[in-house]
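Here is how the chains run, residue by residue.
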Amino acid sequence: NWSHVWGGMTYSSFLLSNSIYNSHSFGKWAYSSPLSTIELIDDNQIEDITIQLNNRSKLNSRHTLEFGFMYKRCLTKFLTEFSFLTGDGFSTPEIGEISESGKQSSIYFQDQLSIGKFFKATIGLRISKYNLTGDNYIDPRASITYAFTDQFTLKGSAGQYTQFLHRFSNNYMIGGKKFVWIQSNEQLKPISSRQFDIEFQHENDYWTAGVSTYYRKHNNLLDFSLLVKPMDPYKVLDEGSEKDNLPIGSGNSKGLELFLHKKTGSIHGWLSYTFGRTEHLFPDLNNGKPFFSDYDRTHEFKTVAITSPGTW
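Each chain has its residues counted from 1, running along the sequence as written. At least 70 in pLDDT is required for a residue's local features to be given in this predicted model, at least 80 for side-chain atom pairs to be given and counted, and no such filter applies to totals for whole chains, interfaces and linings, which use all residues. Computation of side-chain values: all heavy atoms of the structure, hydrogens and water removed.

1. Details of the overall build of the protein
No. 1: Strands here mean DSSP runs of E at least two residues long; helices mean DSSP runs of H or I at least four residues long; both are numbered from the N terminus. On a plain count of helices and strands, the protein comes out with 1 helix and 16 strands.
No. 2: Exposed residues in this analysis have more than 50% of their type's maximum accessible area, buried residues have under 20%, and partly exposed residues fall in between, with area computed by a 1.4 Å probe over protein chains only. Put simply, the protein has 312 residues, and 31% of those count as buried.
No. 3: Note on definitions: a residue-residue contact is assigned when non-hydrogen atoms from the two residues lie within 4.5 Å. At a minimum sequence separation of 6, the contacts of the protein that also span at least 24 residues come to 59%.
No. 4: Under the convention used here, a 1.4 Å probe and the Shrake-Rupley method define accessible areas, while residue burial counts only the protein chains that appear. As displayed, the protein offers around 18,700 Å² of accessible surface, 58% of which is attributable to carbon and sulfur atoms.

2. Regarding the packing of aromatic side chains
No. 1: Only Phe, Tyr and Trp rings are paired, with Trp represented by its six-membered ring, and only when their centres lie within 6.5 Å; those with planes under 30 degrees apart are stacked, over 60 edge-to-face, the remainder tilted. Going through the model one piece at a time under the given rule, you end up with 7 aromatic pairs.
No. 2: Seen from their ring centres, Tyr 137 and Phe 164 are 5.3 Å apart, and the 75 degrees between their planes marks the pair as edge-to-face. Taken as a pair, Tyr 137 in strand S7 (residues 135–147) and Phe 164 in the loop between strand S8 (152–163) and strand S9 (165–169) lie far apart in primary sequence, 27 residues in all.
No. 3: Classification of Tyr 137 as buried rests on a relative accessible area of 14%.
No. 4: Taking relative accessible area as the criterion, Phe 164 reaches 9% and is therefore assigned buried.
No. 5: Each ring, one from Tyr 146 and one from Phe 148, has its centre 5.0 Å from the other, and the planes form 85 degrees; the classification is edge-to-face.
No. 6: By the ring-pair criterion, three or more aromatic residues cluster together here, those being Tyr 130, Tyr 137 and Phe 164.

3. Describing the side chain of Ser 193
No. 1: Here Ser 193 lies in strand S11 (residues 191–203).
No. 2: By relative accessible area, Ser 193 is classed as buried at 8%.
No. 3: Think of a polar contact as two N or O atoms within 3.5 Å of one another; within protein, one of them needs to be a possible hydrogen donor and the other a possible acceptor, and neighboring residues in sequence only count if both atoms come from side chains. Separated by 3.4 Å, the side chains of Ser 193 and Gln 195 make a polar contact.

4. Considering the confidence of the model for the protein
No. 1: Confidence of the predictor at the level of single residues is captured by pLDDT, which takes values from 0 to 100. The predicted model of the protein averages 87 in pLDDT, with 87% of residues at 70 or higher.
No. 2: At the low end of the mean pLDDT range in the protein sits helix H1 (residues 232–239), at 60; at the high end sits strand S6 (residues 119–130), at 97.

5. A word on the pairing of strand S5 (residues 94–115)
No. 1: Any two strands with at least two DSSP-identified bridges between them are counted as paired. Looking at chain direction, strand S4 (residues 63–86) and S5 are connected through 20 bridges and run antiparallel. Of the residues in S5, the one forming a bridge with Phe 69 is Ile 107.
No. 2: Summarising the sheet, S5 and S6 pair through 12 bridges and their orientation is antiparallel. Pairing of Gln 110 across the sheet is with Gly 124, part of S6.
No. 3: Hairpin connection of S5 to S6: 3 residues between the antiparallel strands, including Gly 116 at a positive phi of 65 degrees.

6. Re the side chain of Ser 212
No. 1: Structurally, the position occupied by Ser 212 is in strand S12 (residues 207–222).
No. 2: For Ser 212, the contacting residues outside a window of four places in its chain are Ile 198, Glu 199, Gly 255, Leu 256 and Glu 257.

7. Re the pattern of salt bridges
No. 1: Only one rule defines a salt bridge in this text: a Lys or Arg side-chain nitrogen within 4 Å of an Asp or Glu carboxyl oxygen. What the rule picks out here adds up to 6 salt bridges.
No. 2: With a closest N to O distance of 2.7 Å, Glu 203 and Lys 263 form a salt bridge. Separated by 60 residues along the polypeptide, Glu 203 in strand S11 and Lys 263 in the loop between strand S13 (248–262) and strand S14 (267–281) bring together distant segments of the chain.
No. 3: With its nearest N and O atoms 4.0 Å apart, the salt bridge here joins Glu 300 to Lys 302.

Here it is in structure tokens:
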């Protein structure tokens with residue numbers, strides 16, 4: 001990580017990062033009649049290399065310009081070995097390996113507008129190029145903050161986002177991992193989402209209270225499979241056959257959050273309550289009717305309490 005102040009009004013930072021994720025699964029099942037053994041081994045790996053350059057320049061008392069460039073290379077590997085050993089020693093192993101290298105190049109810029117202490121707005125745009133689809137992706141974003149008084153504030157934001165890595169949820173009939181990571185390609189388009197939220201906040205020296213609502217719409221979700229072996233989804237995407245076994249759907253999330261923060265006193269902290277719904281819609285599942293996602297949480301309550309007895 002490198003950063004430099006070019007002058008009183010311009011700042012730049014350069015970031016180089018690398019991360020590696022590994023997941024290994026092994027399963028063995030023995031059957032007495034007929035005498036046989038099934039072994040299943042699968043490995044999933046993600047290696048990410050990111051180069052990012054960010055710049056920030058204060059143009060005048062109202063406008064601050066931010067712009068930058070990002071290059072990301074994501075390498076995913078999936079290796080599976082399936083063996084069926086009969087009682088007479090006859091084995092039928094199946095070994096498969098799929099590697100995919102996705103390269104994403106992005107440029108972005110945004111303008112932070114500030115008019116006094118009562119109004120602030122940020123308007124930006126991100127443009128990305130992804131090699132495995134050959135397409136360009138344009139993601140606009142905007143946010144505003146308007147202070148009616150020193151204590152009452154209205155906040156809102158809207159934006160479009162693109163994700164090029166899918167977490168594939170499966171129901172394999174003979175074991176394997178619950179989740180497998182798959183990169184987007186020409187057949188499996190990237191996940192796109194549009195997000196909107198608005199918040200009203202009241203703050204003084206003792207309390208901060210807020211209420212917010214949000215809505216998010218997702219497209220190109222890959223969540224369920226009727227496949228038999230862990231290698232099958234990669235083969236379908238690689239060979240372009242049996243696409244019906246990879247149903248593509250959409251989804252939406254919406255909810256309301258209440259937030260309260262106590263800043264002072266012998267006991268202080270915060271609590272929040274969220275009422276939300278996350279639904280998926282797949283034409284080939286549930287008779288084409290929406291259903292709750294596996295990570296839906298209709299009611300969620302969180303609280304933190306902090307106290308300082310003596311010098312502790």
